[in-house]
Amino acid sequence: MKITEVKLILCSPSRNFLTLKIITDQGVYGLGDATLNGREKAVATYLEEYCIPCLIGKDPFQIEDIWHYFYVGAYWRRGPVKMTAISAIDMALWDIKGKALNIPVYNLIGGKSRQKILVYAHAEGKDIEETVDRVGAKIDQGFLAIRAQSGIPGLEDTYGVSRNNAPYEPAVRGNPKESIWDTDKYLNHIPRLFKRLREVYGDDIHLLHDAHHRCTPVEAARLARELESCHLFWLEDAVRGELQEGYRLIRSHSTTPLAIGEVFNTIYDLTTFITEQLIDYIRMPIVHGGGLTHLLKVAAMASVYHIRTGFHGATDLSPVNLAASLHFDLAVNNFGIQEYMPHQPLVHEVFKINYEYRDGHLHIDDTPGLGVDIDEEVAKKHPYQRAYLPMNRKMDGTVFHW
Ligand code: CS2
Ligand code: MG
């Protein structure tokens, strides 16, 4: 089997997605998610200029060799653009292999370690009481794990909370939206939110929170310690992760489980986190973390240190990534939880999916390969438009983490 054609499908059914399609001489094709929110065309250019010409003529079954060809062969290492391109190629090759062998991808990577995949939903409100109501609504939908984010008194808006109840889609068309941020207001507010949630819903529901990279280590240590009595499933992105050893301080002050990694793209972003057991869950997703090939190695290393997976699964990661994640989640032993933020209905006019939500879990069928498809004609009806993620400024105007 040989690769004869490679296409990029850039579209925007409610938000931008970039999809790679690798076509072979036997008519079998594979799909890979290549979406990097706010930087889609950077990945498209990387693929068009530097990857696609080298893919033509290759045997798509040689997944491991092709991964290293594009990782080592490029000379320049790591980074979200390069690794998203490699991830998309990797996903598409696993899709081809599964289709050619008539096997769902999970059966190519070890088979089922479980029958269904625990997911967590998002619940957010403008204040504590609205967030409490929104968590209750998710419990009514059968979710067993819920991430709670709320507006912060004194701040006009904050990550994770949509305005006027619209579906939360942070990337906005036009220049980056700038918001005002104040960490002190945030740190005073969040413990109140979770103490209230435990008062209302008790201890059984898994509660999660995303600090979204905005604390310093000592601020995160304070927050994690104050949240200990609320027994969170995890506190996510407590501190930005470039300084891995920064998590030693949090770890020394609290037993609140910690998750990180959605902005990471290789194992090298995680080696200290893993070997010093500074975290409990790895969020680095298939679409940005080097594909199934790399994440299998990451999960294997993590398993030695009692660390589980908790893949990123926001709406800016496409249904192709979610399907690939679900195959992975089914198979690996040290699976923790999968983020599930349902895509808008319009997205499913473009992407045909083989998974569904039931009773707090996602279920994927045995369609060979990844099991998803893309309708290129419908995709053409939703052209790409540049969109940026927001950014924050502190009260004094200093640029800060969103
Ligand atoms: C968030 C994301 O889902 C999460 O945990 O951190 O919504 C993140 O803000 C977006 O994926 C950024 O594109
Ligand atoms: Mg996050």
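Residues numbered from 1 in each chain as written. Chains lettered and ligands numbered in written order. Predicted model: local features only at pLDDT ≥ 70, side-chain atom pairs only at ≥ 80, totals over all residues. Heavy atoms only, no water.

Draft legend 1. Geometry of the coordination of the magnesium ion (ligand 2). At this site the magnesium ion (ligand 2) is bound by Asp-210 (OD), Glu-236 (OE) and Glu-262 (OE), with donor distances of 2.0 to 2.2 Å. For the magnesium ion (ligand 2), all donor residues lie on one chain, and their spacing in sequence is D-x25-E-x25-E. Here the residue Asp-210 occupies a position in strand β8 (residues 206-210), and Glu-236 occupies one in strand β9 (residues 234-236), the gap between them amounting to 26 residues. (Donors = N, O, S within 2.8 Å, 3.2 Å for Na, K, Ca; no water. Helix = DSSP H or I, 4+ residues; strand = E, 2+ residues; numbered from the N terminus.)

Draft legend 2. Looking closely at the pattern of salt bridges. Considering all chains together, one arrives at 22 salt bridges under this definition. Between Lys-126 and Glu-130 there is a salt bridge, and its shortest N-O distance comes to 3.0 Å. Classification of Glu-130 by relative accessible area gives buried; the value is 18%. Residue Glu-356 pairs with Arg-358 through a salt bridge whose shortest N-O separation is 2.3 Å. Overall, the relative accessible area of 43% leaves Glu-356 in the partly exposed class. What you see here is one network of salt bridges that share partners, running through Glu-236, Glu-262, Arg-283 and Glu-339. (Salt bridge = Lys/Arg side-chain N within 4 Å of Asp/Glu carboxyl O. Buried < 20%, exposed > 50% of the residue type's maximum accessible area, 1.4 Å probe, protein only.)

Draft legend 3. Just the site of ligand 1, in detail. Around ligand 1 sit 15 residues in total, of which Asn-37, His-212, Glu-262, Asp-316 and Glu-339 are the nearest. Between ligand 1 and Asn-37 there is a distance of 2.9 Å, counted from an oxygen atom to a side-chain nitrogen or oxygen. Between ligand 1 and Glu-262 there is a distance of 2.5 Å, counted from an oxygen atom to a side-chain nitrogen or oxygen. Protein chains shield 95% of the accessible area of ligand 1, which is 340 Å² for the free molecule. Placement of ligand 1 is best described as lying within the largest pocket. The class makeup of the residues in the shell around ligand 1 is four nonpolar, four polar and seven charged. (Near = heavy atom within 4 Å. Polar contact = N/O pair within 3.5 Å; in protein donor to acceptor, adjacent residues only side chain to side chain. Areas by Shrake-Rupley, 256 points an atom, 1.4 Å probe, with all protein chains shown as cover. 1 Å grid on protein atoms, 1.4 Å probe; cavity = no way out; pocket = protein on both sides within 12 Å on 5 of 7 lines; lining within 4 Å. Sits in = over half its atoms within 2 Å of the grid points. Nonpolar A, V, L, I, M, F, W, Y, C, P; charged D, E, K, R; others polar.)

Draft legend 4. How the structure looks around the packing of aromatic side chains. In this structure the tally under the stated criterion is 17 aromatic pairs. Here the aromatic rings of Tyr-75 and Trp-76 are separated by 4.8 Å at their centres, their planes lie at 85°, and the arrangement is edge-to-face. The exposure class of Trp-76 is exposed, given its relative accessible area of 63%. Summarising the aromatic geometry, the rings of Phe-233 and Tyr-281 are spaced 5.0 Å apart at their centres and angled 25° between planes, so their arrangement reads as stacked. Highlighted residues: Phe-233 in the loop between α6 (217-226) and β9 and Tyr-281 in strand β11 (residues 281-282), separated in sequence by 48 residues. What makes Phe-233 buried here is its relative accessible area of 12%. Relative accessible area serves as the criterion here: at 3%, Tyr-281 is assigned to the buried category. One aromatic cluster is present, formed by Tyr-120, Phe-233, Trp-234 and Tyr-281 through successive ring pairs. Between the NZ or CZ atom of Arg-214 and the centre of the ring of Tyr-186, over which it lies, the distance is 5.1 Å. (Phe/Tyr/Trp six-rings, centres within 6.5 Å; stacked < 30°, edge-to-face > 60°. Lys NZ or Arg CZ within 6 Å of the ring centre and 35° of its normal.)

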